[in-house]
Amino acid sequence: MTVPVFLTGELDGPELVLGGPEGRHAATVRRLRPGERVDLTDGAGSVAECVVREVLKDSLRVEVRGRYEVAPPRPRLVVVQGLPKGDRGELAVEMMTEAGVDVIVPWQASRSITQWKGDKVAKALQRWRSTAREAGKQARRFHLPEVTEPVSTAGVVKLLAGAALGLVLHEEAAAPLSRVALPDDGDIVVVVGPEGGVSEPELAEFLAAGATPVLLGPTVLRTSTAGVAAAAVLLTRTGRW
């Protein structure tokens, strides 16, 4: 059984108290007991290897047995996710987080059925970030993915222009994703369109920014699964898997 991971902003000292929602979950849901191992992390690469010393009502008191730093993976994988309808956005975020995507960028594409406007923006973004946080813990990630503020098509163009490699998943592309030359460092930015796909004007802007259209496979995947499928190919080819 793998050692459970909990997030905390406090990792200094020979003993730590894991409180708040994380401590409550550890004590009342996971029902951890004295002597059990846990790992605490700040989600940015710092890790404290701990042993539970005392279980309180809504918290744990732990003894730190060791500390280490986990270097951020390279190259960095950024997925621009066209907003899917319903709860498929959270599904996409969950799977991409478990796979190892480093940055997830919500994109309000022209063909997105879902629209993040007004108060809906903050609520939807919070759901994506909460999903990434929980999926990262489940996957024992010590570098949690960043879920950025939503971007327009102009924002995607800027990301692609600054990337070491920019890719757009497109069903009419000639080049398969499995054969595109990959960089050793920098950002690989992958654009995933919404249910209606990437529009021709959007594709033209992305190509002008230096992006390469690529074919993921012989079938057309849902927008909620295309990102994780592309991530699996790229993480394998870069040696991160």
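Since the structure is predicted, the reported quantities are computational estimates derived from the model, not experimental observations.

The rules behind the values
- Residues numbered from 1 in each chain as written.
- Predicted model: local features only at pLDDT ≥ 70, side-chain atom pairs only at ≥ 80, totals over all residues.
- Heavy atoms only, no water.
- Helix = DSSP H or I, 4+ residues; strand = E, 2+ residues; numbered from the N terminus.
- Expected span 1.5 Å × (residues − 1).
- Contact = heavy atoms within 4.5 Å.
- Pairing = 2+ DSSP bridges.
- Axes fitted to C-alpha atoms, helices over the stretch in contact; angles between N-to-C directions.
- Core = buried A, V, L, I, M, F, W, Y, C linked by side-chain atoms within 4.5 Å.
- Buried < 20%, exposed > 50% of the residue type's maximum accessible area, 1.4 Å probe, protein only.
- UniProt positions renumbered as here; feature names shortened; annotations may be inferred.

Once that is clear, we can look at helix α3 (residues 119–138). With 20 residues, α3 should reach 28 Å at 1.5 Å per residue; the first-to-last C-alpha distance of 29 Å fits that figure. Where α3 is buried, its residues contact β1 (5–7), α1 (20–29), β6 (76–82), α2 (88–99), β7 (103–107) and β8 (146–147). Arg140 sits one or two positions beyond α3 and adopts a positive phi of about 60°.

With that out of the way, let us pick up the sheet that holds strand β2 (residues 15–18). Reading across the sheet, the five strands line up as β1-β3-β4-β5-β2 and stay open at both edges, with mixed pairing between neighbours. The two strands at the open ends of the sheet, each matched to only one other strand, are β1 and β2. Strand-to-strand, the axes of this sheet are offset by a mean angle of 40°, without reference to chain direction. With respect to the sheet, α1 is in contact with β1, β2, β4 (46–55) and β5 (60–69), its orientation differing from that of β1 by roughly 150°.

Attention now goes to the nonpolar core. Counting residues in each nonpolar core, the largest one holds 30 residues, and the members touching the most others are Leu77, Leu167 and Val190. When contributions to this core are tallied by element, the ones reaching two or more residues are β6, α2, α3, β9 (165–169), β10 (187–192) and α6 (223–237). The element that contributes the greatest number of residues to this core is α6, accounting for six residues. Contacts of Leu167, omitting those with residues within four sequence positions, involve Leu160, Leu177, Val180, Ile188, Val189, Val190, Val191, Ala211, Thr212, Val214 and Leu234. Counting 19 residues, the second-largest nonpolar core is a separate cluster that includes Val103, Trp107, Leu160 and Ala163.

Mapped onto the elements of the fold, Ala154 is located in helix α4 (residues 153–161). As for Ala154 and Ala229, which are separated by 75 residues in sequence, their C-alpha atoms are 25 Å apart.

Moving on to the UniProt feature "domain: Ribosomal RNA small subunit methyltransferase E PUA-like" (unreviewed entry) in the protein chain. As recorded in UniProt, the feature "domain: Ribosomal RNA small subunit methyltransferase E PUA-like" (unreviewed entry) lies at residues 18–64. Annotated as residues 18–64, this span is 21% helix and 45% strand, and its ends, taken at the C-alpha atoms, are 12 Å apart.

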